[in-house]
Amino acid sequence: MQLTCAEYYERNIIPLQIYYTIMAKNKTAKTTTAPHNPFVKLVEELFLTNPQKAYNFRQVSHMLGVSDKVSKELVTKIIESLENAGIIIALNRGKYQYNPELVAEKFQQTIVEGKVDMKQTGKAYVISKDLSDDVFISSNNTGHALHGDTVKVRLFPMRKDHKQEGEIIEVLHRFKNQFVGKIQITGKFAFLIPDEANMPFDIFIPNESLNNGKNGQKAIAKITEWPERSKNPFGEIIQVLGSPGNNDVEMNSILASFEFPLEFKKSSLQQAEKIPFEISKEEIKTRRDFRNIWTCTIDPPDAKDFDDALSLVKKDNGFWEVGVHIADVSHYVKQGTPIDEEAYERGTSVYLVDRTIPMLPEKLSNNVCSLRPNEDKLCFSAVFELDDQARIHSEWYGKTIINSNRRYSYEEVQKMIEGEEGDFKEELLILNDLATKLREERFKKGSIAFKSQEVKFILDETGKPIDTYIKEQKEANMLIEDFMLLANRTVAEKIGKKRGEKDAKTFVYRIHDEPNPEKLSKFAEFLAKLGYKMNIGSHKQLSKSFNNLFEQISGKGEEAMIEQIAIRTMAKAVYSTVNIGHYGLSFPYYTHFTSPIRRYPDLMVHRLLEGYLNGMQSADKDEYEEYCSHSSDMERKAAEAERASVKYKQAEYLQDKIGQSFKGLISGVSKWGIYVELEGNKCEGMISMRNMDDDFYYLDEDAYKVVGQHKGKEFRLGDPIEIKVHSVDLQKKQMDFTLADKDGGNGKDDFFATANSFPRKSERNKGSKPFNKNKERQKTNKPKGRKR
């Protein structure tokens, strides 16, 4: 079959310049319609891809890579024919733009909504429920959208072998309009330079809006307007935080970045002050009295907000009565009051490295509601009669009063479980035995034991980390966890399980959907390359495979990375009024009942449960679904703030250790370099390939290793490695390493690039081309100014 010139070009048989020359020799006179050939289509798509931009013929030639005279003449000819056909219109100074009337027609059926995932370079991706893949938005097509915004996107025509691209045409909902950063004063105006890497725009601050802020100070700015033709948003300083590097300033900066308030509203504090400590005799008479039954709390040693307690007594029928007693916050915090409204806005308590930001004012969270020892406390309880095999024979739910005999730390209880003596050891060992049997039964039914290690810091009086340690989940932690799971599961089943023909009443569930089959399949393929097997045929087989996997990788270099990818493979647990069960726990019904001091959904569950026990009609489902959505969002924000505080403290811990050597494990590989997680403190940084100048290194994607092209030296995922700390950027929370051994890179500063320019973890292990240092050096040495 004879191919046309255009088909030769489309199939990459002939290069573009030859195609230009052939077309130029056969050029024809002007026509009133655009010529139908691929090159014309390329020029048209260039204008169509950027419909709001105007270009002259030189710019078009440059964007197409045209440099010779003949080809430039061809570009001019095509632009003229497109104008004659009405496809593009002429503007001033010899510039052309795609016809706005045709733009609307072209994109009539290609408008989608989604959320913006903004990058530091200004480009973005829009994640839409209507599309299987994200939409790429170039930096000149993001409009005035910012990270997290809900937007409308006009999709561009798909180009062969290209990702779907588009243009943001409208911001439907602004995710946030307050930003934390450093004030930079220049003459009669200033900018706030945001801390967040995904905020690529500096905020213009007129001097009269500085609110006494000084140059170099950290502050919170609020965007007040964004004029259509302005590259930068305008704003005002609403709060000056102080000098960078101060511990309180940095922790408050993290909180403010995620829009958590730094103090309680006056109305909430005033209401809290009026709440009495004393419990009236009338109130006690309405409750089941557990004050003479042995009761205890088990919490971290530094905890003050004791949400839950356990009681234990042997009944005459031979069963064990176990009471799961939860602080009765709903007795003190009534719906619609100032404290309740602020608790809803906050959604959750936030646990940073050095402080807790409670959901409720301290008088309630640490005093009135907290189940402190040797004090009468009001509770909402789930009480079970269990046999020696932890099978449930009866259950009861209602309001109670308790008086805890003892406040334990997890460490105290763990020592007794391991053989040491201590107060009420017999009772604790019985509870542990029952909890163990509950756990075994849960795993038999398909529960997945996701593991995670938590890094903890020892801080000096100024908040500076002087040492670190890894907190592990032991039997004492699991003792409490399994009884909390029991209460959460049975409460959800009591309200959610349909009895007879009546529908279940509206309730707040904690749901966890099935994993995406495609993600699961890719995860299994990934593990196979590392030598691990996954059976994903059924829920039980999958859960068994996950639990076996976690045992196999324990203590290995790839452990952290595999656990992170495993969690990302699964769906996220959220709150909803629509019950689909909890896949990870293998519970058909599940809720959060056990932490109302620190989680607003638990408070909602208490109110609904009490109402339904007293005959209340079903609550409005749509109203509570909105509450659930907000609670899920706030939970996610709190988790991100907590991670940011850990990352900051890790960077601060290494800040005075530049040049020191540490042992670690390779936790990730990419075409940019090697990610290393240090032993003992879990600090993670990158060894840039730019600093590995003894060879040309490239990524072997299939084998998860970086390989030297000439010498063959390999760095494989999970391998032990020794590094030196090269640099630490405290504000960006980034740590950069170099190899500690003699034949590693020398870490020259002249072309060092921080990890901030590297891809996020989810983009690791992509691409496998050899790394060309000279080419990359030329690119990265160019200064990148922020958008102004």
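Structure: see above.
Worth saying up front: this structure is predicted, and the values here are computed from it rather than measured.

**Q** I would appreciate a short explanation of the overall build of the protein chain in the present structure.
**A** Within the protein chain, the secondary structure is distributed over 21 helices and 33 strands. By the burial criterion, 51% of the 788 residues in the protein chain qualify as buried. Summed over all atoms, the accessible surface of the protein chain reaches about 38,800 Å², with 47% contributed by carbon and sulfur.

**Q** So what exactly am I meant to see when it comes to the nonpolar core here?
**A** Nonpolar side chains in soluble globular proteins tend to end up buried together. Among the nonpolar cores identified, the biggest contains 79 residues, and Ile298, Leu364, Phe483 and Phe593 are the most heavily contacted of them. By residue number, the principal contributor to this core is helix H15 (residues 475-496), which donates 10 residues. Ignoring sequence-local partners within four residues, the contact set of isoleucine 298 consists of Tyr408, Ser409, Tyr410, Val413, Leu428, Leu479 and Ile480. One finds Ile674, Ile687, Tyr697 and Val706 within the second-largest nonpolar core, a separate group that totals 38 residues.

**Q** Teacher, can you tell me more about a nonpolar patch on the surface here?
**A** A cluster of nonpolar side chains, Ile458, Ile466 and Tyr469, forms an exposed patch at the surface whose accessible area comes to about 280 Å². Looking at the element boundaries, isoleucine 458 is found in strand E22 (residues 454-459).

**Q** Just checking my understanding: could you explain the packing of aromatic side chains for this structure?
**A** To describe a pair of aromatic rings, you give the distance between the ring centres and the angle between the ring planes. Applying the stated criterion across every chain, the model contains 22 aromatic pairs. With 5.9 Å between their ring centres and 90° between their planes, phenylalanine 189 and phenylalanine 191 make a pair best called edge-to-face. Lying over the aromatic face of phenylalanine 380, lysine 399 brings its terminal NZ or CZ to 5.3 Å of the ring centre.

**Q** Sorry, what's going on with the environment of glutamate 273 here?
**A** Inspection of the secondary structure assignment puts glutamate 273 in helix H8 (residues 266-274). Owing to a relative accessible area of 58%, glutamate 273 belongs among the exposed residues under this scheme. Considering only alpha carbons, one finds glutamate 273 and proline 361, 88 residues apart in sequence, at a separation of 9.4 Å.

**Q** What exactly am I supposed to notice about empty space enclosed by the protein here?
**A** Remark: the empty space left among the atoms is shown by a probe the size of a water molecule rolled over them. Tallied over the entire structure, the rule returns 3 cavities of 30 Å³ or more. Reported here for the largest cavity is a volume of approximately 60 Å³. Residue lining of the largest cavity: Phe277, Ile279, Tyr332, Val368, Cys369, Leu371, Asp376, Lys377 and Leu378, and that is the complete set. By residue number, the principal contributor to the lining of the largest cavity is strand E19 (residues 376-386), which donates 3 residues. In terms of residue class, the lining of the largest cavity is built from 7 nonpolar, no polar and 2 charged.

**Q** Before we go on, may I ask you to explain a positive patch on the surface in this structure?
**A** A surface patch of like charges, here positive, comprises Lys519, Arg568, Lys572 and Arg643. Among the structural elements, lysine 572 can be located in the loop between helix H18 (559-569) and strand E25 (574-576).

**Q** Can you help me understand the sheet that holds strand E27 (residues 673-678) in this one?
**A** Adjacent strands of a sheet form backbone hydrogen bonds with each other and so pair up, either parallel or antiparallel. In spatial order, the strands read E26-E27-E28-E33-E32; together these 5 strands close into a barrel with mixed pairing. Along the sheet, successive strands turn relative to each other by an average axial angle of 50°, direction set aside. Strand direction decides the pairing type here: strand E26 (residues 661-670) and E27, joined by 6 bridges, are antiparallel. For glycine 664, the partnering residue across the bridge sits in E27 and is leucine 678. Packing against the sheet, helix H20 (residues 621-655) makes contact with E26, E27, strand E28 (684-688), strand E32 (720-729) and strand E33 (734-739), and its axis sits at approximately 45° to E33.

**Q** So what exactly am I meant to see when it comes to the packing of helix H11 (residues 338-346) against H20 here?
**A** For any two helices packed against each other, the geometry is given by the interaxial angle and the distance between the axes. The N-to-C vectors of H11 and H20 enclose an angle of 60°; their axes lie 8 Å apart at closest approach. Considering the angle they form, H11 stands oblique to H20. Together, Tyr344, Glu345 and Arg346 of H11 and Glu626, Tyr627, His630 and Met634 of H20 make up the contact between the two elements. Across the contact of H11 with H20, the residue classes break down as 3 nonpolar, 1 polar and 3 charged.

**Q** Whenever I open this one, H15 confuses me. Can you help?
**A** Helical geometry note: an α-helix holds 3.6 residues per turn, so side chains three or four residues apart project in the same direction. Taking 1.5 Å of rise per residue, 22 residues should cover 32 Å, and H15 covers 31 Å from first to last C-alpha, within 8% of that figure. Counting buried positions along H15 yields 16 of 22 residues, so the element is predominantly enclosed.

**Q** Would you explain unusual backbone geometry in this entry?
**A** A negative phi angle characterises most non-glycine residues, just as the trans form characterises most peptide bonds. Positive phi outside glycine occurs at asparagine 211, with the angle close to 55°. Looking at where asparagine 211 falls in the secondary structure, it is placed in the loop between strand E10 (203-206) and strand E11 (218-225). Note on asparagine 211: relative accessible area 41%, which makes it partly exposed. Although it is not a glycine, serine 586 sits at a positive phi angle of roughly 60°. On the secondary structure map, serine 586 appears in the loop between E25 and helix H19 (600-613). Look at serine 586 and you get buried, because its relative accessible area is 19%.

**Q** What should I look at first to understand the pattern of salt bridges in this one?
**A** Opposite charge on two side chains permits pairing when their charged atoms draw close. According to the stated counting rule, one finds 43 salt bridges in the structure shown. The closest approach of N and O atoms between aspartate 602 and arginine 599, which form a salt bridge, is 2.9 Å. In this pair, the class of aspartate 602 matches that of arginine 599, namely buried. Via salt bridges that share partners, Glu283, Arg287, Asp328, Lys399 and Glu610 belong to a single interconnected network.

**Q** Sorry, what's going on with helix H13 (residues 410-417) here?
**A** All buried positions along H13 are accounted for by Tyr410, Val413, Gln414, Met416 and Ile417. Projected down its long axis, H13 shows its buried positions confined to an angular sector of 160°, all on one face. Here the buried face of H13 lies against strand E14 (295-299), strand E21 (406-409), helix H14 (425-444) and H15. Looking one or two places after H13, you find glycine 419, whose phi comes out positive at around 125°.

**Q** Where do I start with the pairing of strand E6 (residues 150-155) in this structure?
**A** Consecutive residues of a regular strand have side chains that alternate between opposite faces of the sheet. Note: strand E3 (residues 111-118) against E6, 5 bridges, orientation antiparallel. Across the sheet, isoleucine 111 pairs through a bridge with arginine 154, a residue of E6. Examined bridge by bridge, E6 and strand E7 (residues 166-173) share 6 bridges and lie antiparallel to one another. Across the sheet, residue valine 151 finds its bridge partner in E7, namely valine 171.

**Q** Could you clarify how one ought to interpret the state of the cysteines in this entry?
**A** By definition, a disulfide is the covalent link that joins the sulfur atoms of two cysteine residues. Tallied over the entire structure, the rule returns 0 disulfides. Of all cysteine sulfurs, the one in cysteine 379 lies closest to cysteine 369, which takes part in no disulfide; the gap is 9.9 Å. Classification of cysteine 379 as buried rests on a relative accessible area of 0%.

**Q** Explain the side chain of serine 404 here, please?
**A** Its place among the elements puts serine 404 in the loop between strand E20 (392-403) and E21. There is a polar contact of 3.2 Å between the side chain of serine 404 and the backbone oxygen of arginine 406. Serine 404 has contacts with Thr295, Cys296, Thr297, Leu371, Arg372, Pro373, Asn374 and Glu375, leaving out every residue within four places of it along the chain.

Analysis parameters
Residues numbered from 1 in each chain as written. Predicted model: local features only at pLDDT ≥ 70, side-chain atom pairs only at ≥ 80, totals over all residues. Heavy atoms only, no water. Helix = DSSP H or I, 4+ residues; strand = E, 2+ residues; numbered from the N terminus. Buried < 20%, exposed > 50% of the residue type's maximum accessible area, 1.4 Å probe, protein only. Areas by Shrake-Rupley, 256 points an atom, 1.4 Å probe, with all protein chains shown as cover. Core = buried A, V, L, I, M, F, W, Y, C linked by side-chain atoms within 4.5 Å. Contact = heavy atoms within 4.5 Å. Patch = residues over 30% accessible without salt bridge, like charges linked within 9 Å, V, L, I, M, F, W, Y side chains within 5 Å. Salt bridge = Lys/Arg side-chain N within 4 Å of Asp/Glu carboxyl O. Phe/Tyr/Trp six-rings, centres within 6.5 Å; stacked < 30°, edge-to-face > 60°. Lys NZ or Arg CZ within 6 Å of the ring centre and 35° of its normal. 1 Å grid on protein atoms, 1.4 Å probe; cavity = no way out; pocket = protein on both sides within 12 Å on 5 of 7 lines; lining within 4 Å. Points joined across faces, edges and corners; volume = space filled by probe spheres on them. Nonpolar A, V, L, I, M, F, W, Y, C, P; charged D, E, K, R; others polar. Lys, Arg positive; Asp, Glu negative; His and termini not counted. Charge placed at Lys NZ, Arg CZ, Asp CG, Glu CD. Pairing = 2+ DSSP bridges. Axes fitted to C-alpha atoms, helices over the stretch in contact; angles between N-to-C directions. Parallel < 35°, antiparallel > 145°, perpendicular 65-115°, else oblique. Expected span 1.5 Å × (residues − 1). Arc of directions from axis to C-beta. Disulfide = S-S within 2.5 Å. Polar contact = N/O pair within 3.5 Å; in protein donor to acceptor, adjacent residues only side chain to side chain.

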